[in-house]
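# Understanding the architecture of this molecule
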Amino acid sequence: MFEKFGAVDTYINQLFIGDDQLMATVEKAIADSGIPQISVSANQGKFLHVMARLTQAKKILEVGTLGGYSTIWMARALPPGGKLITLEVDDRHADVARRNFALAGLTERIGIRLGKAVDTMPQLQSEAPFDMIFIDADKPPYAEYFQLALKLSRKGTLIIADNVIREGKVIDAASGDDMVKGVARFNAALSATKGVTATIIQTVGAKDHDGMAIVVVD
Ligand SMILES: C[S@@+](CC[C@H](N)C(=O)[O-])C[C@H]1O[C@@H](n2cnc3c(N)ncnc32)[C@H](O)[C@@H]1O
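No experiment lies behind these values; they were computed from the predicted model shown.

### Digging into the pairing of strand S1 (residues 59–63)
Among the 5 residues of S1, 4 are classified as buried, and the element is accordingly described as predominantly covered. Sheet topology places S1 next to strand S2 (residues 83–88); 5 bridges connect them, and they run parallel. Of the residues in S2, the one forming a bridge with leucine 61 is isoleucine 85. Between the parallel elements S1 and S2, the chain passes through helix H4 (residues 69–75) in a crossover that is right-handed. Examined bridge by bridge, S1 and strand S4 (residues 132–135) share 4 bridges and lie parallel to one another. Along S4, the bridge assignment pairs leucine 61 with isoleucine 133.

### Comments concerning the sheet that holds S2
Taken in spatial order, the 7 strands make up an open sheet running S3-S2-S1-S4-S5-S7-S6, and their pairing is mixed. The outermost strands of the open sheet, each flanked by one partner alone, are strand S3 (110–114) and strand S6 (196–203). Going from strand to strand, the sheet's axes swing by 15° on average, the running direction of each strand aside. Examined bridge by bridge, S2 and S3 share 5 bridges and lie parallel to one another. Bridging across to S3, leucine 84 finds its partner in isoleucine 110. Across the sheet, helix H5 (residues 91–103) touches S2 and S3, and the angle it forms with S3 is around 170°.

### A closer look at the packing of aromatic side chains
Under the counting rule described, the total for this entry stands at 3 aromatic pairs. Taking the centre distance of 6.5 Å and the plane angle of 55° together, the rings of tyrosine 142 and tyrosine 145 count as tilted. Of the two residues, tyrosine 142 and tyrosine 145 are both situated in helix H7 (residues 142–151); the distance of 3 residues between them amounts to about one turn of the helix. When its relative accessible area of 0% is taken as the criterion, tyrosine 142 is described as buried. Classification of tyrosine 145 by relative accessible area gives buried; the value is 4%. Counting every residue linked through ring pairs, the aromatic cluster contains Tyr142, Tyr145, Phe146 and Phe186.

### Focus: the site of the ligand
Around the ligand, a shell composed of 21 residues is seen, among which Val40, Ser70, Glu88, His93 and Asp136 lie nearest. Between leucine 66 and the ligand, the recorded distance is 3.3 Å, taken from a backbone N or O atom to an oxygen atom. Within the complex, the protein chains bury 89% of what would otherwise be the 600 Å² of accessible surface of the ligand. For the shell around the ligand, the elements supplying multiple residues, two or more each, are H4 and S2. When its residues are assigned to classes, the shell around the ligand shows 9 nonpolar, 6 polar and 6 charged.

### Let's talk about the pattern of salt bridges
In the structure shown here, the tally under the stated rule is 9 salt bridges. In this structure, glutamate 127 engages arginine 113 in a salt bridge whose closest nitrogen and oxygen atoms are separated by 2.8 Å. Placement of the pair is glutamate 127 in the loop between helix H6 (117–120) and S4 and arginine 113 in strand S3, with a sequence separation of 14 residues. With a relative accessible area of 28%, arginine 113 lands in the partly exposed category. Two residues, aspartate 131 and arginine 154, come together in a salt bridge whose shortest N-O distance is 2.8 Å. Within this pair, whereas aspartate 131 is found in the loop between H6 and S4, its partner arginine 154 is found in the loop between H7 and strand S5 (158–162), the two being separated by 23 residues in sequence.

### Looking at the nonpolar core
Formed by 35 residues in total, the largest nonpolar core has its most connected members in Ile60, Tyr69, Met132 and Ile160. For this core, the elements supplying multiple residues, two or more each, are helix H2 (21–33), helix H3 (42–54), H4, H5, S3, S4, S5 and strand S7 (210–217). In terms of residue count, H4 provides more of this core than any other element does, 5 residues in total. Excluding residues within four positions of it along the chain, methionine 132 makes contact with Leu48, Met51, Ala52, Thr55, Ala57, Lys59, Ile60, Leu61, Met74, Thr157, Leu158 and Ile160. The next biggest cluster of nonpolar side chains, apart from the first, holds 30 residues, and it includes Ala117, Ala128, Ile135 and Tyr142.

What counts and what doesn't
- Residues numbered from 1 in each chain as written.
- Predicted model: local features only at pLDDT ≥ 70, side-chain atom pairs only at ≥ 80, totals over all residues.
- Heavy atoms only, no water.
- Buried < 20%, exposed > 50% of the residue type's maximum accessible area, 1.4 Å probe, protein only.
- Helix = DSSP H or I, 4+ residues; strand = E, 2+ residues; numbered from the N terminus.
- Pairing = 2+ DSSP bridges.
- Right-handed = clockwise from strand over helix to strand, strands pointing away.
- Axes fitted to C-alpha atoms, helices over the stretch in contact; angles between N-to-C directions.
- Contact = heavy atoms within 4.5 Å.
- Phe/Tyr/Trp six-rings, centres within 6.5 Å; stacked < 30°, edge-to-face > 60°.
- Near = heavy atom within 4 Å.
- Polar contact = N/O pair within 3.5 Å; in protein donor to acceptor, adjacent residues only side chain to side chain.
- Areas by Shrake-Rupley, 256 points an atom, 1.4 Å probe, with all protein chains shown as cover.
- Nonpolar A, V, L, I, M, F, W, Y, C, P; charged D, E, K, R; others polar.
- Salt bridge = Lys/Arg side-chain N within 4 Å of Asp/Glu carboxyl O.
- Core = buried A, V, L, I, M, F, W, Y, C linked by side-chain atoms within 4.5 Å.

If you want it as structure tokens, here you go:
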């Protein structure tokens, strides 16, 4: 079945991404750098781009940069004068991302803040509110990242959190996996949060079976 999901992703990519030389070059630079190959898929990157356009985002925050693949998809949706801040704990990942931002001609639009996101997020208050926030870092503190994201939001801010289904393992209450436990705790906290409207969309395709939580701040 997963083979078919991958083939359908290729079909969608051919229709809606086509021959995007920049993203192909960025993807190759990430692969060649030796950092983990856990960027969002091309189709998910395009989805984030569409969401940024839909919300007419001028200020975007990303938690978890890696090589900057999702960052570039979102930053390309910014209008002139728009800004994206992305948070990363690993110097090596940040170096790869910086090179990719330069390659994309987006250095002026993107700022990387190095450090643990639980420490860097509270430092962003003067740059808030953000129009869109994408959470895609380590999974155990997702509930904390969400609380911090709410403090950086306004009415109408779109918050997207990736990898919250984990091949369905999230419904196993006995799971001993810290990543599964982290997203399960986040999903439960999100469902109990007043002042937001939210759901989770399951995702399949080149990146197997997972899900994205989609949240609008009321
Ligand atoms: C799944 S990858 C991000 C992928 C990226 N958003 C993309 O799709 O192109 C997660 C990233 O979060 C970073 N990370 C892990 N723990 C972190 C923390 N405590 N604070 C900030 N970043 C962290 C990792 O080093 C890694 O680069």
